[in-house]
Amino acid sequence: MRVRLGSQRSLINSFRQISGFDLVRIQALVLCFELTYGINNIISKFETLMKIHTLTCNNCSKLFETTDKRRKYCSRSCAAIVNNSHHPKNPRRGKCKDCEKSIFSKRVRCIDCHKLWKGNQDFEDKTLDEMKNLGKIPSNVYGAIRWRARKIAKKLGWKSCCKCSYDKHIEIAHKKAICDFEGNTLVSIINAESNLMPLCPNCHWEYDNLLV
């Protein structure tokens, strides 16, 4: 049975004082409780739902207050950390080629072994054909040679353009282009100090287009 209008107003005011909710939300709660439990049990059910519980987070062990005693975590972040550890989206199904550590299937080596492998790589004793036979396309091979040339320039202390002395940003140019060397040429010859020179972007473009 629906209660009288005066009784509803008194209940709404009492609920408002207990919870601090807005008027529209309180009215909806009163109607729902009235239809579900009857007028005599509305106050007791509402107070039970609004009871504050102090719980401990299962992830960070932090104390937090909540009205829902079924909660296990203080925040969505803690819940995501635990749930993602139990059900990872990208499980590590592969093994490192060197140490057999569990890694993602797309990788060949773990991060530590990759750094060690990359540090031991020395392109100076390889020819252009040998580098192309490693499974790289020509653009990647040329990029590796240019990367090695920049390391050489850094060791030599080149910090400014040799044409205009611009020192904000420089590039390392090959006097003889990489593509002009034969396949049996060693990378150490291509990246010889006599074949390298520091240029700013403008001078480098002019040099490649035979304007200087």
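About the thresholds
Residues numbered from 1 in each chain as written. Predicted model: local features only at pLDDT ≥ 70, side-chain atom pairs only at ≥ 80, totals over all residues. Heavy atoms only, no water. Helix = DSSP H or I, 4+ residues; strand = E, 2+ residues; numbered from the N terminus. Contact = heavy atoms within 4.5 Å. Areas by Shrake-Rupley, 256 points an atom, 1.4 Å probe, with all protein chains shown as cover. Buried < 20%, exposed > 50% of the residue type's maximum accessible area, 1.4 Å probe, protein only. Pairing = 2+ DSSP bridges. Core = buried A, V, L, I, M, F, W, Y, C linked by side-chain atoms within 4.5 Å. Salt bridge = Lys/Arg side-chain N within 4 Å of Asp/Glu carboxyl O. Phe/Tyr/Trp six-rings, centres within 6.5 Å; stacked < 30°, edge-to-face > 60°. Lys NZ or Arg CZ within 6 Å of the ring centre and 35° of its normal.

### A few points about the overall build of the chain
(1) Moving on: Of regular secondary structure, the chain possesses nine helices and six strands.
(2) Moving on: Considering only contacts in the chain between residues 6 or more positions apart, those separated by 24 or more positions represent 41%.
(3) Moving on: Put simply, the chain shows about 15,500 Å² of open surface, and 51% of that area lies on carbon and sulfur atoms.

### Thoughts on the pairing of strand S2 (residues 63–66)
(1) Moving on: Here S2 shows a clear split, with Phe64 and Thr66 buried on one side and none of Leu63 and Glu65 buried on the other.
(2) Moving on: Taking the residues between adjacent antiparallel strands as the criterion, strand S1 (residues 53–56) and S2 are bridged by six residues, where serine 61 takes a positive phi near 60°.

### Here we look at the nonpolar core
(1) Moving on: The biggest cluster of nonpolar side chains holds 10 residues, and these are Leu128, Met131, Val141, Tyr142, Ala144, Ile145, Ile178, Phe181, Val187 and Ile190.
(2) Moving on: Sorting the residues of this core by element identifies helix H6 (128–132), helix H7 (138–156) and helix H8 (187–190) as the ones contributing at least two each.

### Looking at the pattern of salt bridges
Side chains bearing opposite charge may pair, as long as their charged atoms lie close to each other.
(1) Moving on: Taken as a whole, this structure holds two salt bridges when the rule is applied.
(2) Moving on: Put simply, aspartate 68 and arginine 70 hold a salt bridge, and the shortest N to O gap is 3.1 Å.
(3) Moving on: Judged by relative accessible area, which is 27%, aspartate 68 ranks as partly exposed.
(4) Moving on: When its relative accessible area of 69% is taken as the criterion, arginine 70 is described as exposed.

### Some thoughts on the environment of asparagine 202
(1) Moving on: Relative to the helices and strands, asparagine 202 resides in helix H9 (residues 201–208).
(2) Moving on: Taking the C-alpha atoms as reference points, asparagine 202 and cysteine 164, 38 residues apart in sequence, are found 9.7 Å from one another.

### Brief notes about the packing of aromatic side chains
(1) Moving on: Here the structure, examined in full by the defined rule, presents zero aromatic pairs.
(2) Moving on: The ring of phenylalanine 181 has lysine 176 sitting right over it, with the charged end atom 4.6 Å from the ring centre.

Remember that the coordinates give geometry; whether it matters functionally is a separate question.
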